[in-house]
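Structural characterization, general
If you want the building blocks of each chain, they are given just below.
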Amino acid sequence: MTINIQYVHMATSEAMNTYVTEKLNNLTEKFDWIIKAEVHFEKEQHDPIKGKICKIELSVPGPRIFATSNEDNYEKAVKHTIKDLEKQLKKRKHTFANH
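All values reported here derive from a predicted model rather than from experimental measurement.

Quick look at the overall build of the protein
- Helix and strand counts for the protein come out as two helices and four strands.
- Each helix and strand of the protein, ordered N terminal to C terminal, gives the series β-α-β-β-β-α.
- Its C-alpha atoms give the protein a radius of gyration of 14 Å, near enough to 13 Å, the size a compact globule of 99 residues would have.
- Expressed as a percentage of its 99 residues, the buried residues of the protein come to 34%.
- Considering only intrachain contacts with a sequence separation of at least 6, the fraction spanning at least 24 residues in the protein is 50%.
- Counting every atom, the protein has about 6,100 Å² of accessible surface; 51% of that belongs to carbon and sulfur.
- For the protein, the distance from the average position of its 16 positive side-chain charges to the average position of its 14 negative side-chain charges is 5 Å.

Here we look at the side chain of Arg 92
- Among the structural elements, Arg 92 can be located in helix α2 (residues 74-98).
- It turns out Arg 92 is buried and unbridged, and the closest side chain with the opposite charge, Glu 57, is 10 Å from it.
- Look past the residues within four positions of Arg 92 in its chain and what remains in contact with it is Trp 33, Val 60, Pro 61, Gly 62, Pro 63, Arg 64 and Ile 65.

A look at unusual backbone geometry
- A positive phi angle, close to 60 degrees, is found at His 9, a residue other than glycine.
- Within the fold, His 9 resides in the loop between β1 (2-8) and α1 (14-30).
- Overall, the relative accessible area of 70% leaves His 9 in the exposed class.

Description of the sheet that holds β1
- Ordered in space as β1-β2-β3-β4, the four strands form an open sheet in which the pairing is mixed. If you trace the sheet from one side to the other, it starts and ends with β1 and β4 (65-71), each paired once. Strand-to-strand twist in this sheet, taken as the mean axis angle between neighbours without regard to direction, amounts to 15 degrees.
- With respect to the sheet, α1 is in contact with β1, β2 (36-43) and β3 (52-59), its orientation differing from that of β1 by roughly 145 degrees.

With respect to the environment of Tyr 74
- Positionally, Tyr 74 belongs in helix α2.
- In sequence terms Tyr 74 and Ile 53 are 21 residues apart; their C-alpha atoms lie 7.0 Å from each other.
- Ignoring any residue separated from it by four or fewer positions in sequence, one finds Tyr 74 in contact with Met 10, Met 16, Phe 41, Glu 42, Lys 43, Lys 52 and Ile 53.
- Of note is the side chain of Tyr 74, whose polar atom sits 3.1 Å from the backbone oxygen of Glu 42.

The rules we used
- Residues numbered from 1 in each chain as written.
- Predicted model: local features only at pLDDT ≥ 70, side-chain atom pairs only at ≥ 80, totals over all residues.
- Heavy atoms only, no water.
- Helix = DSSP H or I, 4+ residues; strand = E, 2+ residues; numbered from the N terminus.
- Rg over C-alpha atoms; globule rule 2.2 N^0.38 Å.
- Buried < 20%, exposed > 50% of the residue type's maximum accessible area, 1.4 Å probe, protein only.
- Contact = heavy atoms within 4.5 Å.
- Areas by Shrake-Rupley, 256 points an atom, 1.4 Å probe, with all protein chains shown as cover.
- Lys, Arg positive; Asp, Glu negative; His and termini not counted.
- Charge placed at Lys NZ, Arg CZ, Asp CG, Glu CD.
- Salt bridge = Lys/Arg side-chain N within 4 Å of Asp/Glu carboxyl O.
- Pairing = 2+ DSSP bridges.
- Axes fitted to C-alpha atoms, helices over the stretch in contact; angles between N-to-C directions.
- Polar contact = N/O pair within 3.5 Å; in protein donor to acceptor, adjacent residues only side chain to side chain.

Okay, structure coming up:
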């Protein structure tokens, strides 16, 4: 799986790169048919409480899968986004099993 990480309006972080890569690799172990992951980290300027946004789009057979979350830190945002993606991947895997 290819992972492309982009930081919008913020500095890049090797720690976040490592963290999100580790989480996505764990996801790939469960679902080996994931082709590519596009990760975007953004900082919302107008939200003083939360504002740490993580968006992940997965290229898989069929339509792409997308999830996003807005939390008070990036680790929580990644964790919630991965959880949402895992739910979608389980549904997609279930439809594969039926055909």
